[in-house]
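Residues per chain, in single letters:
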Amino acid sequence: MGIGLSIDNILSSERSFSKVKENWEQYQLQCLKYFHETPPLLSEGKFCNRTFDDYICWPDGLPGTYVNMSCPWYLPTVKTGQVYRFCTFEGTWLLEENSTKPWRNTSECVIAGKDPPRERLLFLSVIYTTGYALSFSALVIATGILLGFRHLHCTRNYIHLNLFCSFILRAVSVFIKDSVLTWMYSTTTQWEKILSYQESLSCRLVFVMMHYCVTANYYWLLVEGMYLYTLLVLSVFSEQRIFRLYLCIGWGVPMLFVVLWGIVKYLYEDEGCWNKNHNMNYWLIIRLPILIAIGVNFLIFIRIICIIISKLQANLMCKTDIKCRLAKSTLTLIPLLGTHEIIFAFVTDEHAKGMLRFMKLFFELSSSSFQGLLVAVLYCFVNNEVRTEFQKSWERWRLEHLYVQRDSSTKPFKCPANSISSGGTLGSTVYAATCQATCS
């Protein structure tokens, strides 16, 4: 029940961040004025000194007593309740166990039922952190493999590489965002420093870059769908020209929407670290293009499945083979196109409450974090072309190693010089000729 939890409550309230900060500064001034105008509790003897701990203005305390103060009025969601401290018999404030911070009880100033259980949040955090870590590692290896083999350099794999990079950037941006929030709420203990960092440029850039990486990831999934559909529908097209178009769609289009969102936030909702959306109409500048990409990719997915069914039926295959190949194709396409996102895509955060919200968060965070791992496995590690290149490299290395061993083990046979130069018997002459032929 420390500073971080109190700030989370404040930031999630309906009142603006700037108003809360203004009220907190006014509360601080009132506290300092009280310290200046009020004489000490006792002129002699032990007592706990008055203090302002960035949360409550504490008066002097009598030894061996609890000191209680009303919940701070600058908290927008708290109206009644008390905060408690204990003054020890030595005249010092009681400290938390294994800590140098004074103990305090703020349970009455926390609104019950407003925040999701910490166990669920911790569970979700462990799930998506594990997923992004595995995806990041697998994608880095997959990127190295596709770049390392020259025969794998083609338009299809170039698109895969850009998709891999978008997944990597998404994972890195999430790690940076989590690190910033953890540092801000845990390491920084003074509330005023947290408030100032919330309004700093670096904090806002972290969230701007995260939104860009996430949006770019969705649009490279859309590019994968567009390219696959183009291969199935068009027989002849310029791959170089269409790849330039895909680069503009994958990296350029998200940049336009994120920059526009940043400008709108700066002009009309320049509050805090830009991690809260008070006006959801501004958030639609980013959310709507992502929904469009998910919707278009889902339609492409349905169309591709129909084309696959027609091609399988045209080959006069039995129903069992058609179902097996169709299931395999479907399961392979789902992570590549991100069609699973359609399930909760149109369930907004402001309408999802209780268990529905937890299910939505669990599905979205787990699927998006592990999706990069699935894409790396399906389109690199178990890909037939990649396996063929590895087999060729292994055979080439084995043959070269075998030749090196054979050359090192074979020693040249030296012919006796005197047997050739000296004029001996017929036998010695034949022996010399044989040696010359062998050595040559």
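Reading the values: rules and limits
Note on numbering: residues in each chain are counted from 1, in written sequence order. The model is predicted, so local features are restricted to residues of pLDDT at least 70 and side-chain atom pairs to those at 80 or more, both for listing and for counting; the totals for chains, interfaces and linings are taken over all residues. Where side-chain values are given, they derive from all heavy atoms of the structure, hydrogens and water being excluded. Scored from 0 to 100, pLDDT records how confident the predictor is in each individual residue. A helix here means a DSSP run of H or I that spans at least four residues, while a strand means a run of E at least two residues long, and both kinds are numbered starting from the N terminus. Should any heavy atoms of two residues lie within 4.5 Å, those residues are counted as being in contact. Note on terminology: a nonpolar core comprises buried Ala, Val, Leu, Ile, Met, Phe, Trp, Tyr and Cys residues joined through side-chain atoms within 4.5 Å. Only protein chains enter the accessibility calculation, which uses a 1.4 Å probe. A residue is then buried if its area is under 20% of the maximum for its type, exposed if over 50%, and partly exposed in between. Residues are called lining when one of their atoms sits within 4 Å of a cavity or pocket point, these points coming from a 1 Å grid over the protein atoms alone, where a cavity is a set in which a 1.4 Å probe fits but cannot get out and a pocket is an open set with protein on both sides within 12 Å along at least five of seven lines. Grid points are joined across faces, edges and corners, and a volume is the space filled by probe spheres set on the points. All residues other than Ala, Val, Leu, Ile, Met, Phe, Trp, Tyr, Cys, Pro, Asp, Glu, Lys and Arg, Gly among them, are scored as polar; the first ten of these are nonpolar and the last four charged. An axis is simply a line fitted to the C-alpha atoms; with a helix, the fit covers only the stretch in contact. Between two such axes, the angle follows the N-to-C directions and lies from 0 to 180 degrees. An angle below 35 degrees is treated as roughly parallel, one above 145 as roughly antiparallel, one from 65 to 115 as roughly perpendicular, and anything else as oblique.

With 77% of its residues at a pLDDT of at least 70, the chain reaches an overall mean of 79. Within the chain, the lowest mean pLDDT, 37, falls on helix α13 (residues 426–439), and the highest, 93, falls on helix α7 (residues 239–268). Of the regions scoring below 50 in pLDDT, residues 1–15 engages in 34 contacts with residues more than four places distant in sequence or in other chains. In the model, residues 415–440 has pLDDT below 50 throughout and makes 12 contacts with residues more than four positions away in sequence or in other chains.

The biggest cluster of nonpolar side chains holds 57 residues, and the ones touching the most others in it are L146, I159, L163, Y246, W261 and L333. The set of elements that each furnish at least two residues to this core consists of α3 (118–148), α4 (155–187), α6 (201–233), α7, α8 (280–314), α9 (319–337) and α10 (354–381). Not counting the four nearest positions on each side in its chain, W261 is found in contact with V208, H211, W274, N277, Y282, W283, I285 and I286. Membership of the second largest hydrophobic core comes to 18 residues, among which are W24, C48, F52 and Y74.

The subject of this paragraph is the layout of surface pockets. Approximately 750 Å³ is the volume attributed to the second largest pocket. As for the second largest pocket, its lining consists of 25 residues, of which L228, T332, L333, Y379 and N383 are closest to the centre. Of all elements in the fold, only α4, α6, α8, α9, α10 and α11 (384–409) reach the threshold of two or more residues within the lining of the second largest pocket. In terms of residue class, the lining of the second largest pocket is made up of 14 nonpolar, 6 polar and 5 charged.

When two helices pack together, their arrangement is captured by the angle between the axes and the distance separating the axes. Interhelical geometry of α7 versus α8 gives an angle of 170° and a closest axis separation of 8 Å. Classified by the angle their axes make, α7 and α8 are roughly antiparallel. For the pair formed by α7 and α8, the contact residues are F257, V258, L260, W261, V264 and Y268 on the first element and Y282, W283, I285, I286 and P289 on the second. The residue makeup of the contact of α7 with α8, split by class, is 11 nonpolar, no polar and no charged.

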